[in-house]
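A structural walkthrough
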Amino acid sequence: MKRYPHHLDLQPAMHAKGTVRLPGSKSISNRTLLLAALAEGTTHIKDLLASDDTHVMLMALQKLGIQWEQIGESQDYTVHGIDAVLPVHHADLFMGNAGTAIRPLTAALAVLGGDFTLHGVSRMHERPIGDLVDALNAIGARIDYTGEPGFPPLHIQRGLLRAERLKVRGNVSSQFLTALLMASPLMAREHDVHIDVIGELISKPYIEITLNLMQRFGVEVERDGWQAFTIKTGQRYRSPGVIHVEGDASSASYFLAAGAIAGGPVRVEGVGNNSIQGDVRFVEALEQMGATITMGDNWIEAQSNGVLKAIDADFNHIPDAAMTIAVAALYADGPSTLRNIESWRVKETDRIYAMATELRKLGAHVEEGRDYLRVTPPVEIASAAIDTYDDHRMAMCFSLATLDGAARRGNKIRINDPQCVAKTFPDYFDAFAKVTEDSLF
């Protein structure tokens, strides 16, 4: 895996143009790994993401006795499913800072039974999991906090589940509902399982990914809008044989924004019209800002049409990709407002605070609210050293501040701790260098 120095100096870039082959989607990769592990049969996974988060999931599955093999030096893997019967019933699992790993695993292990501890890096122990634990304990699971209540680390013991109906809040993280949905067929051996969502469900497109993948593994979920989900009894996960992982749509946002800011065209390959990821809707925001977007079945291309237009939009549906808009707003013709993004505060870092702090270093005027960010672009983008808060998306977003746009020129940017991109895109800065045609060092 690519290793970067303690900091990386990015030089100003005149133009962005070229093609990038995207790494696999983190959301799809970790869901697919767990579903393949729980399923009956052997699954061949093509183009799995190589990253810290998928490594965490692979190592956890290995500790649970689930067998898998990497095919040579490729990103293709074979996973031997356990048909919902764990080979190992006692394990200590390190989950890093991978929300897409710890939350679904917590639900699955609580249902399958055993004695497990789950813990991670210090930031993971600050990320809420209480709504998921409450939902599971309410039906008879035995999950205890070994640190701060409501947060990992967790101790899971065998419980006696009465799982006809579960309730979970939807306004903190959609991963809690994803975890319950993925574990629900394991509970539906004798009766239907109903899941009710309390309050507004955020990040709905990520639930679409979950439902799509569950269907590919043979489980149908009935739903009443976004408030109620039913899994009929007798369903079980069965391997689809072969499954391909799409390119990561969130990672696509940086390159598409680069094309929108600095000329283009920039094309990303691995996502397109057929994508199951909601983050492809990021291109709608770029179109609102004046960029030209073209799409094929497996590619998207962005090109500039001059100065970007300021935007005022609700980004509840694409919180990860929305971070890219916050930096693209530096190149807009006025203040831009990103609304309904409170979930940023419980991600890898408090992203509203972090984004506001670092944008101010570049000269922007930033108004930070509980669930919104308003960015007024500077007259000139200042050179700055950007702190990344051990957050991969902070590092990738701020590379865009090196670009020359129609409204203002980019500047030299130092990225502190660039290695944090290994969470989802280990070769990001090399890929960015190729489309900006400039040396990074």
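Structure's up top.
Everything quoted here is computed from the prediction, not taken from an experiment.

The description of two aromatic rings rests on the distance between their centres and on the angle between their planes. Enumeration over the complete set of coordinates arrives at seven aromatic pairs. Ring plane angle 50° and centroid distance 5.4 Å describe the contact between Phe255 and Tyr428, whose orientation is recorded as tilted. Here Phe255 is found in helix α7 (residues 249–261), whereas its partner Tyr428 is found in helix α12 (residues 428–436), with 173 residues between them in sequence. Ring geometry for Tyr428 versus Phe429: centroids 5.1 Å apart, planes at 75°, classification edge-to-face. On the basis of relative accessible area, Phe429 is assigned to the buried category, the value being 0%. Connected via pairs of aromatic rings, a cluster forms that spans Tyr254, Phe255, Phe425, Tyr428, Phe429 and Phe432. For Arg223, the ring lying beneath its charged end belongs to Trp226, and the centroid distance is 4.2 Å. Just above the ring of Trp299 sits the side chain of Arg267; from NZ or CZ to the centre is 3.7 Å.

The next subject is the pairing of strand β16 (residues 292–295). For a regular strand, the rule is simple: side chains alternate between the two faces of the sheet. By the bridge criterion, four bridges tie β16 to strand β17 (residues 299–303) in an arrangement that is antiparallel. Residue Thr294 lies in a different strand from β17, and its bridge partner there is Glu301. Counted along the chain from β16 to the antiparallel partner β17, the turn is three residues long.

In the structure shown here, the tally under the stated rule is zero disulfides. You can see Cys397 has no disulfide; the closest cysteine sulfur is in Cys420, sitting 11 Å from it. On the basis of relative accessible area, Cys397 is assigned to the buried category, the value being 0%.

With omega at 5°, the peptide bond leading from Pro152 into Pro153 counts as cis. By the secondary structure assignment, Pro153 is in the loop between β8 (142–145) and β9 (154–157). With a phi close to 55°, Asp390 is a non-glycine residue in the positive phi region. Structurally, Asp390 can be placed in the loop between β22 (384–386) and α11 (392–397). At Asp417, a position not held by glycine, the phi torsion is positive, near 50°. By the element assignment, Asp417 lies in the loop between β23 (413–416) and α12.

Attention now goes to helix α4 (residues 130–137). Across the eight residues that make up α4, a large majority, six, are buried. Every buried residue belonging to α4 is among Gly130, Asp131, Leu132, Val133, Ala135 and Leu136, and all of these are buried. The inward-facing, buried residues of α4 abut α3 (99–112), β8, β9, β10 (165–169) and α5 (174–187).

This next bit is on α12. In terms of burial, α12 is largely enclosed, as seven of its nine residues are buried. In this fold, the buried residues of α12 make contact with β1 (7–10), β2 (16–21), α7, β15 (263–269), α11 and β23. Note on α12: the residue one or two positions beyond its end, Glu437, has a positive phi of about 55°.

Cut-offs applied
- Residues numbered from 1 in each chain as written.
- Predicted model: local features only at pLDDT ≥ 70, side-chain atom pairs only at ≥ 80, totals over all residues.
- Heavy atoms only, no water.
- Phe/Tyr/Trp six-rings, centres within 6.5 Å; stacked < 30°, edge-to-face > 60°.
- Helix = DSSP H or I, 4+ residues; strand = E, 2+ residues; numbered from the N terminus.
- Buried < 20%, exposed > 50% of the residue type's maximum accessible area, 1.4 Å probe, protein only.
- Lys NZ or Arg CZ within 6 Å of the ring centre and 35° of its normal.
- Pairing = 2+ DSSP bridges.
- Disulfide = S-S within 2.5 Å.
- Contact = heavy atoms within 4.5 Å.

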